[in-house]
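Summary of structural features
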Amino acid sequence: MYLPSHFNESRLEVLHDLIERNPLGILFTNSKGEMDANHIPFLLDTKQGTLGVLHCHVARANPVWQNAANGDEVLVVFRAADAYITPTWYPTKHETQRQVPTWNYMVAHAYGQIRIRDDERYVRAIVARLTRIHEATRETPWKMTHAPRDYIDALVKAIVGIEIEVTRLTGKSKLGQDDGAPDMRGAGLGLKAQGDILIGDAMIARADIDVQS
């Protein structure tokens, strides 16, 4: 990933939070001479390994778990938010006309070694943990025990687990740092006005940091 220093996000806690809040990652593999990409919800265990361990499951019919060999290096990309930035939001545009559109975003790239876990106990545990996490805010959380046991057993047998120990974690927050605090704030307010709250807030917060420094 092209990563100018002013867009670099290296704080581990920030990258972990980005992944946990945006768990649908894109798993990129390059096995047997073929590139592949799969969109998969991941569970990040921050207490495992140095940088964390990613856990997920895929359909047994998905060839990714058979094509990838244990120990292969893979990449998982997580995206927090992105938005088109119109130059009409920049105060300097109205002063100099020297601004153009751009696209801002916040992403994390997790590199690691894949391990296939064709293990019913592992798969059942990961499904249970993912369910607890994503049902936690509901008034009446769904539990695996709510479905017939034989039905769950059959579904568990139809999926395969994947574990990825993260060996390198890079982040990029392209928030207009090269445009200066007034333009960052102006674009951030414009984004929030149209409903892009997350990235708008991030741009305003970054503008405030630049002003203070």
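What this report covers is the structure whose coordinates are included nearby. Numbering of residues begins from 1 in every chain and follows the order in which that chain's sequence is written. pLDDT decides what is reported in this predicted model: residues at 70 or higher carry local features, side-chain atom pairs at 80 or more are listed and counted, and totals for whole chains, interfaces and linings draw on all residues regardless. Side-chain numbers come from the whole structure's heavy atoms, not from hydrogens or water.

**Quick look at the overall build of the protein chain**
By definition, any uninterrupted DSSP run of H or I lasting at least four residues is a helix, any uninterrupted run of E lasting at least two residues is a strand, and each is numbered from the N terminus. Per the secondary structure count, the protein chain includes seven helices and eight strands. Over its C-alpha atoms, taken along the principal directions, the protein chain stretches across nearly 65 × 45 × 30 Å. Buried residues are those whose accessible area, probed at 1.4 Å on protein chains only, stays under 20% of the maximum for their type, while exposed residues exceed 50% and partly exposed ones sit between those limits. The buried share among the 213 residues of the protein chain stands at 46%. Residues count as neighbours in contact if any of their non-hydrogen atoms are within 4.5 Å of one another. A separation of at least 24 residues holds for 73% of the contacts in the protein chain among residues at least 6 apart in sequence. The Shrake-Rupley method, run with a 1.4 Å probe sphere, supplies the accessible areas, and residue values consider only the shown protein chains as cover. Summing over all exposed atoms, the protein chain offers an accessible surface of approximately 12000 Å²; the carbon and sulfur share of this is 52%. Counting rule applied: Lys, Arg positive; Asp, Glu negative; His and chain ends not counted. Every charge is mapped onto a representative atom, which is NZ of Lys, CZ of Arg, CG of Asp or CD of Glu. One finds the centroid of the 24 positive side-chain charges in the protein chain at a distance of 3 Å from the centroid of its 27 negative side-chain charges.

**Let's talk about the pattern of salt bridges**
Here, a salt bridge means any Lys or Arg side-chain nitrogen found within 4 Å of an Asp or Glu carboxyl oxygen. In total, this model carries 15 salt bridges according to the counting rule given. One salt bridge in this structure joins R117 and E163, with 2.8 Å as the shortest N-O distance. Of this pair, R117 sits in strand β7 (residues 102–117) while E163 is found in strand β8 (residues 159–174), placing the two residues 46 residues apart along the sequence. Take R117: its relative accessible area is 16%, and that puts it in the buried class. With a shortest N-O distance of 3.2 Å, E120 and R124 are connected by a salt bridge. Linking E120 with R124, this pair stays in helix α4 (residues 120–135), spanning four residues, or about one helical turn.

**Overview of the nonpolar core**
Of all hydrophobic cores here, the largest spans 38 residues; its most connected members are L27, F42, L54, F78, M106, I162 and I164. In terms of residue count, strand β6 (residues 73–85) provides more of this core than any other element does, seven residues in total. Joining through side-chain atoms within 4.5 Å is the link that ties buried Ala, Val, Leu, Ile, Met, Phe, Trp, Tyr and Cys residues into a set, and such a set is a nonpolar core. L43, M144, I152 and I159 belong to the second largest nonpolar core, which has twelve residues in total.

**Overview of the environment of A69**
Mapped onto the elements, A69 comes out in the loop between α2 (64–67) and β6. The partly exposed category is assigned to A69, whose relative accessible area is 39%. Separated by 38 residues in sequence, A69 and S31 have C-alpha atoms that sit 7.7 Å apart.

**Here's the deal with the pairing of strand β2 (residues 24–31)**
Burial along β2 is one-sided: G25, L27, T29 and S31 are buried, and none of L24, I26, F28 and N30, which face the opposite way, are. A pair of strands is treated as paired once DSSP finds two or more bridges between them. Two elements, β2 and strand β3 (residues 34–41), share eight bridges in a ladder whose sense is antiparallel. In the sheet register, F28 faces β3, and the bridge partner there is A37. Linkage of β2 to β3, two consecutive antiparallel strands, is achieved through a turn of two residues, within which K32 is found at a positive phi near 55 degrees. The sheet contact formed by β2 and β6 spans three bridges and is antiparallel.

**Observations regarding the packing of α4 against helix α5 (residues 149–157)**
Two quantities define a packed helix pair, namely the angle between the axes and the distance from one axis to the other. Between N-to-C directions, angles span 0 to 180 degrees; the directions come from axes that are lines fitted to C-alpha atoms, helices contributing only their stretch in contact. Where α4 meets α5, the axes come as close as 10 Å, and the angle between the chain directions of the two elements is 110 degrees. As judged from the angle between their axes, α4 and α5 are roughly perpendicular. In terms of crossing hand, the pair formed by α4 and α5 is right-handed. On α5, the residues touching E120, V123 and R124 of α4 are I152, D153, V156 and K157. Residues are grouped as follows: Ala, Val, Leu, Ile, Met, Phe, Trp, Tyr, Cys and Pro are nonpolar; Asp, Glu, Lys and Arg are charged; all remaining types, including Gly, are polar. Each residue belonging to the contact of α4 with α5 can be placed in one class, and the counts come to three nonpolar, no polar and four charged. Orientation labels follow simple angle bins: below 35 degrees gives roughly parallel, above 145 gives roughly antiparallel, 65 to 115 gives roughly perpendicular, and whatever is left gives oblique. With the far helix as reference, a near helix turned anticlockwise by less than a right angle produces a left-handed crossing, and one turned clockwise produces a right-handed crossing.

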